[in-house]
Amino acid sequence: MKLVRFIGYLLLFVVSFVFFLYWSFPYDMLKDRLITAIEQQLGGDVAVSIDTFEPYYFTGVALEKLSLRLHEGEKITPILTVDEAYGRFSVFSLLFGRPRLKATIESGKGRIRLVVRRGSETDDVDLDLDDVNLGSFGLLEARSGIKLTSRIDGEISLRLDRQRMLRTTGNT
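Scope of this entry: the structure provided in the associated data block.

**With respect to a nonpolar patch on the surface**
- Together, L3, F6, I7, L10, L11, F13, V14, F17, V18, L21 and F58 give the surface a local cluster of nonpolar side chains, amounting to about 1100 Å² of exposed area.
- Mapped onto the fold, L11 is located in helix 1 (residues 2-23).

Right, dumping it as structure tokens:
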């Protein structure tokens, strides 16, 4: 009987610990870090904003109203607007050292599903495009001056060789 009680207390501790770790994670700090990292990668003229940044399952995040804007002097050009995006890492793939990320990006009526698997020398990227509006990428319109309103569907599969980028292969 004491063994059952001990196992019950141990389970209660583990469940409580995981719950409070999940509940008290500093998502605001992670949101600020993500915005700073994106702005640094894209350059000082790009401003990034995210309205909502929340946990998604246990190993993921969900965000709403992501927008990237390019500041060219007094002119502000919207580069990209995403209504909703959520992604998560597979727990077991993280434990075995071969991370796999699944993400979904929704903008307007379009949806992009993304799966990235990291191998020892290559990364496999699978994209599934469903009714994606090319006009939602404001940078294309800003650079070309042409207002794009087409929508695309399809699948893209890439194998990226990190050592030799010339050996990258893919299918559409």
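**What to know about the packing of aromatic side chains**
- The full count for this structure, using the stated rule, is six aromatic pairs.
- With a centroid separation of 5.0 Å and an interplanar angle of 40 degrees, the aromatic rings of Y56 and Y86 are classed as tilted. Highlighted residues: Y56 in strand 1 (residues 46-56) and Y86 in strand 3 (residues 75-89), separated in sequence by 30 residues.
- According to the relative accessible area criterion, Y56 is partly exposed, its value standing at 24%.

**A few points about the pairing of strand 6 (residues 122-133)**
- The pairing of strand 5 (residues 110-118) with strand 6 spans eight bridges and is classified as antiparallel. Its bridge partner being in strand 6, V115 is matched across the sheet by D126.
- Counted along the chain from strand 5 to the antiparallel partner strand 6, the turn is three residues long.
- As defined by bridge partners, strand 6 adjoins strand 7 (residues 151-161) across 10 bridges and the pair is classed as antiparallel. Counted as the bridge partner of N133 is R151 from strand 7.

Calculation rules
Residues numbered from 1 in each chain as written. Predicted model: local features only at pLDDT ≥ 70, side-chain atom pairs only at ≥ 80, totals over all residues. Heavy atoms only, no water. Patch = residues over 30% accessible without salt bridge, like charges linked within 9 Å, V, L, I, M, F, W, Y side chains within 5 Å. Areas by Shrake-Rupley, 256 points an atom, 1.4 Å probe, with all protein chains shown as cover. Salt bridge = Lys/Arg side-chain N within 4 Å of Asp/Glu carboxyl O. Helix = DSSP H or I, 4+ residues; strand = E, 2+ residues; numbered from the N terminus. Phe/Tyr/Trp six-rings, centres within 6.5 Å; stacked < 30°, edge-to-face > 60°. Buried < 20%, exposed > 50% of the residue type's maximum accessible area, 1.4 Å probe, protein only. Pairing = 2+ DSSP bridges.

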